[in-house]
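Listed below, chain by chain, are the residues.
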Amino acid sequence: MKRLIILLLLLIVITVQPAYASDIGAGSKIFEANCAGCHINGGNIVRRGKNLFKKALKRNQMDSIEAITGIVTNGKNNMPAYKDRLAAPEIDAVATYVLQQAENNWRPQ
Ligand code: HEC
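About the criteria used
- Residues numbered from 1 in each chain as written.
- Predicted model: local features only at pLDDT ≥ 70, side-chain atom pairs only at ≥ 80, totals over all residues.
- Helix = DSSP H or I, 4+ residues; strand = E, 2+ residues; numbered from the N terminus.
- Buried ≥ 20, exposed ≤ 12 C-beta atoms within 10 Å, placed from the backbone.
- Contact = placed C-beta atoms within 7 Å.
- Expected span 1.5 Å × (residues − 1).
- Near = placed C-beta within 6 Å.
- Nonpolar A, V, L, I, M, F, W, Y, C, P; charged D, E, K, R; others polar.
- Core = buried A, V, L, I, M, F, W, Y, C linked by C-beta atoms within 7 Å.

Considering the overall build of the chain
A count of helical and extended segments in the chain gives 5 helices and 0 strands. When the elements of the chain are put in sequence order from the N terminus, they spell out α-α-α-α-α. Buried positions account for 18% of the 109 residues belonging to the chain. Taking as baseline every contact in the chain between residues at least 6 positions apart, the subset at least 24 positions apart corresponds to 54%.

Side note on helix α5 (residues 88–103)
Between its first and last C-alpha, α5 extends 23 Å over 16 residues, near the 22 Å set by a 1.5 Å rise per residue. After α5 finishes, the residue N105 shows a positive phi value of roughly 60°.

Considerations on the site of the ligand
Around the ligand sit 26 residues in total, of which C35, C38, N60, N77 and M79 are the nearest. Elements with a contribution of two residues or more to the shell around the ligand: α2 (36–39), α3 (54–59), α4 (65–74) and α5. Across the shell around the ligand, the residue classes break down as 15 nonpolar, 8 polar and 3 charged.

Here's the deal with the nonpolar core
Ranked by size, the top nonpolar core spans 14 residues in total, and within it I68, V72, I91, V94, A95 and V98 carry the most contacts. Mapped by element, the contributors of at least two residues to this core are α4 and α5. With 7 residues, α5 is the largest single contributor of residues to this core. Apart from residues lying up to four places away in sequence, V94 is in contact with G27, I30, F31, C35 and V72.

With respect to the environment of I91
Topologically, I91 is positioned in helix α5. A tally of 23 C-beta atoms within 10 Å means that I91 is categorised as buried. Along the sequence, I91 and G27 sit 64 residues apart, while their C-alpha atoms lie 8.2 Å from each other. Ignoring any residue separated from it by four or fewer positions in sequence, one finds I91 in contact with T69, V72, T73, Y82 and L86.

Things to note about unusual backbone geometry
Phi is positive for N41, which is not a glycine, with a value near 55°. As for its placement among the helices and strands, N41 is situated in the loop between α2 and α3. For N41, a count of 12 C-beta atoms within 10 Å corresponds to the exposed category. The backbone phi angle of Q61 is positive, close to 50°, even though this residue is not glycine. Among the structural elements, Q61 can be located in the loop between α3 and α4.

What follows is the structure in structure tokens.
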């Protein structure tokens, strides 16, 4: 019985971890392809104050997955909408990546 539980736990670790890792990889790739043009290294070349660093995200109430998926889906002012270019799971992945990078102060990984 104990062995079975250990085996099950192992199986969960093995199956869950790569999925998680590839999500982060996907978010990063989507960002490089679609966002880095304006938001290189977490900045904003169009509107400097609307960057992707933690302080600005907080100030502009953009520090949640919901807020970021919202602006990416529908766009805002000079930021284009991505609802016709990215699928919902891709938008989720890139929003997760942005929040993670903000936590890391956009230091290279
Ligand atoms: C053509 C340039 C451009 C591209 C490409 C672009 N953005 Fe933006 N982004 C902007 C501008 C301009 C704003 C400021 C919008 C406003 O509030 O007026 C902004 C704002 C944001 C904000 C809110 C930041 C804050 O501090 O208020 C987030 C989050 C964001 N963009 C994420 C993304 C993501 C993720 C992508 C790629 C899927 C992306 N952007 C692609 C120009 C761009």
